[in-house]
Amino acid sequence: MDILDDPRRDREAGSRRGTRDTTRIDDTRIEAVRPLITPALLQERLPVSDATLALVERSRKRIADVLHGRDDRLLALVGPCSIHDHAQAIEYAQRLKALADELEGELLVVMRVYFEKPRTTVGWKGYINDPHLDGSFDINEGLERARRLLLEIIELGLPAGTEFLDLLSPQYIAELIAWGAIGARTTESPSHRQLASGLSCPIGFKNGTDGGVKVAADAIVAARAPHAFMGMTKMGVAAVFETRGNADCHVILRGGKGPNYSAADVDAACEVLRAAGLAETVMIDCSHANSSKQHRRQVEVAADIGRRVAAGSRRISGVMIESHLEEGRQDLKPGVPLKRGVSITDACLGWEQTEAALRQLAGDVRTRRAKAG
């Protein structure tokens, strides 16, 4: 006699009168289902202070002022391609904070604190997904580490920016983020556009992986509108979220099949933005295709941008630079010790190169001001 309700299988779904175990045809490729901490429990465990909330709120307003042209400084998103070590991230933040204070009259510096890594195929998916770097996928631990790190960085007085990749993770950390990005692979995603419409911080949409800017412009138009979608509350309950729309979104040029940071590329992107009824300003990512994935070329890209800023251009509102304590990258290999301060994802500039680039950009902003009288 066949056993219809096999006790070795998890029966998560079925009807009161049914006798068949629907898991025979449902979740057949799920290896395991593990409990996930709720955002509310994590926030109770790692609460945010009034001073931290005030800094995040103030930073968001200042970033929006730069993006909308009310502040003539340049927005600089600077930091590791992805976070993989707490102590190294804090050391980097301490150095960046000191430089940000020195250059605050010309640059509004935000640290890149990226926890989620999109992959073209497979690979390490980031600090939240696999904090132990060993394929154990201790996501609860990753969420706690990510939140703890953000709190410590902000307590230094440094605003943080991140890429929103997973649709649930923002509930755990979003109130600590001053600026967010939607990546090239997800800019065209309706779910991420809806998410951006409800986020409380300014959001940058990267151009598509092919270099197309229209998908990013379309994303801004979509994110500015109200939406309704399904999500998870901070108490861990499924709910329908209704958004008001996000008016603080912008385009990030990151290249595609080739670089797209030149003056002609910026002008072409602004034409697309004008046609969509959007402000004609862009942020430029000095890395990725704009550096032809050669990390040292970020210095050249930043210098080229700076020359246009010094000449008076107001079409460039900000730059992104991938930077770590030491330059380059390294592979994550079982049993092989990692070099300290070196990225395990995309190659980054070292600190000395980063400091020089930021000082030059600050000088370019001063030159633009002097010319403006």
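Structure: see above.
What counts, and where the lines are drawn
Residues numbered from 1 in each chain as written. Predicted model: local features only at pLDDT ≥ 70, side-chain atom pairs only at ≥ 80, totals over all residues. Heavy atoms only, no water. Helix = DSSP H or I, 4+ residues; strand = E, 2+ residues; numbered from the N terminus. Rg over C-alpha atoms; globule rule 2.2 N^0.38 Å. Buried < 20%, exposed > 50% of the residue type's maximum accessible area, 1.4 Å probe, protein only. Contact = heavy atoms within 4.5 Å. Areas by Shrake-Rupley, 256 points an atom, 1.4 Å probe, with all protein chains shown as cover. Lys, Arg positive; Asp, Glu negative; His and termini not counted. Charge placed at Lys NZ, Arg CZ, Asp CG, Glu CD. Core = buried A, V, L, I, M, F, W, Y, C linked by side-chain atoms within 4.5 Å. Pairing = 2+ DSSP bridges. Axes fitted to C-alpha atoms, helices over the stretch in contact; angles between N-to-C directions. Parallel < 35°, antiparallel > 145°, perpendicular 65-115°, else oblique. Left-handed = near helix turned anticlockwise from the far one by under 90°. Nonpolar A, V, L, I, M, F, W, Y, C, P; charged D, E, K, R; others polar. Phe/Tyr/Trp six-rings, centres within 6.5 Å; stacked < 30°, edge-to-face > 60°. Lys NZ or Arg CZ within 6 Å of the ring centre and 35° of its normal. Right-handed = clockwise from strand over helix to strand, strands pointing away. Salt bridge = Lys/Arg side-chain N within 4 Å of Asp/Glu carboxyl O.

Each helix and strand in the protein chain was counted, giving 10 helices and 10 strands. Whereas a compact globule of 373 residues would reach a radius of gyration of roughly 21 Å, the protein chain reaches 22 Å, a difference of no more than 12%. Out of the 373 residues belonging to the protein chain, those deemed buried represent 51%. Excluding contacts between residues fewer than 6 apart, the proportion of contacts in the protein chain whose partners are at least 24 apart in sequence is 69%. Carbon and sulfur atoms provide 51% of the accessible area of the protein chain, an area that totals close to 17900 Å². Each charge class in the protein chain was averaged separately, 51 positive and 52 negative side chains, and the resulting centres sit 3 Å apart.

Phe-115, Phe-205 and Leu-358 are the most contacted members of the largest nonpolar core, which totals 80 residues. Not counting residues within four places of it along the chain, the set of residues in contact with Phe-115 comprises Ile-83, Lys-125, Gly-126, Tyr-127, Ile-128, Ala-146, Leu-149, Leu-150, Thr-162 and Ile-173. Ranked by size, the runner-up nonpolar core spans 14 residues in total, among them Leu-75, Leu-77, Val-110 and Met-320.

Sheet architecture is closed into a barrel: 8 strands sit in the order β1-β2-β3-β4-β5-β8-β9-β10, paired in parallel fashion. Adjacent strand axes in the sheet meet at a mean angle of 30° when their direction is disregarded. Strands in contact with helix α9 (residues 297–310) are β1 (74–79), β9 (282–285) and β10 (316–322); relative to β10, the strand with the most contacts, it is inclined by about 165°.

Here we take up the side chain of Ser-291. Mapping Ser-291 onto the fold places it in the loop between β9 and α9. Here Ser-291 is in contact with Cys-286, Arg-297 and Gln-298, once residues within four sequence places are set aside.

Where helix α3 (residues 86–102) contacts helix α4 (residues 139–155), the two axes come as close as 10 Å, and the packing angle between them is 20°. Taken as axis vectors, α3 and α4 run roughly parallel relative to one another. As α3 packs across α4, the resulting crossing turns out to be right-handed. Listed contacts from α4 to His-86, Ala-89, Ile-90 and Ala-93 of α3 are Arg-148, Leu-149, Glu-152 and Ile-153.

Let's shift gears to the packing of α9 against helix α10 (residues 351–372). As a packed pair, α9 and α10 sit with axes 8 Å apart at the nearest point and diverge in direction by 10°. Taken together, the axes of α9 and α10 lie roughly parallel to each other. Contacts from Val-299, Ala-302, Gly-306, Arg-307, Val-309 and Ala-310 of α9 reach α10 at Gln-353, Leu-361, Asp-364, Val-365, Thr-367, Arg-368 and Lys-371. Its residues placed into classes, the contact of α9 with α10 shows 6 nonpolar, 3 polar and 4 charged.

Counted by the stated rule, this structure contains 3 aromatic pairs. When the centroid spacing of 6.1 Å and the interplanar angle of 20° are considered together, the rings of Phe-115 and Tyr-127 count as stacked. Of this pair, Phe-115 sits in the loop between β2 (107–112) and α4 while Tyr-127 sits in the loop between β2 and α4; the two residues are 12 residues apart in sequence, bridging distant segments of the chain. Of the two residues examined, Phe-115 and Tyr-127, each falls in the buried class. When the ring centre of Tyr-114 is taken as origin, the NZ or CZ atom of Arg-112, which lies over that ring, is 3.9 Å away.

On β9, burial covers both faces: Val-282 and Ile-284 on one face and Met-283 and Asp-285 on the other are all buried. Two elements, strand β8 (residues 249–253) and β9, share 3 bridges in a ladder whose sense is parallel. Bridge assignment links Val-251 to a residue of β9, and that residue is Val-282. Handedness of the crossover joining β8 and β9 through helix α8 (residues 263–275) is recorded here as right-handed. In terms of strand pairing, β9 meets β10 through 4 bridges, oriented parallel. Bridging from a neighbouring strand, Asp-285 pairs with Met-320 of β10. Between the parallel elements β9 and β10, the chain passes through α9 in a crossover that is right-handed.

For the rest of this paragraph, the subject is the pattern of salt bridges. When the charged atoms of two side chains lie near each other, side chains of opposite charge can form a pair. In this structure the tally under the stated criterion is 28 salt bridges. Its salt-bridge partner being Arg-307, residue Asp-304 comes within 3.6 Å of it at the nearest N-O pair. Here the residue Asp-304 and the residue Arg-307 both occupy positions in helix α9, the gap between them amounting to 3 residues, near one helical turn. Among the ionic pairs, Arg-308 bridges to Asp-304, the shortest N-O distance being 2.5 Å. Pair noted here: Arg-308 and Asp-304 are both in helix α9, with a separation of 4 residues, about one helical turn. Through salt bridges with shared partners, a single ionic network connects Asp-267, Glu-271, Arg-274, Glu-280 and Arg-315.

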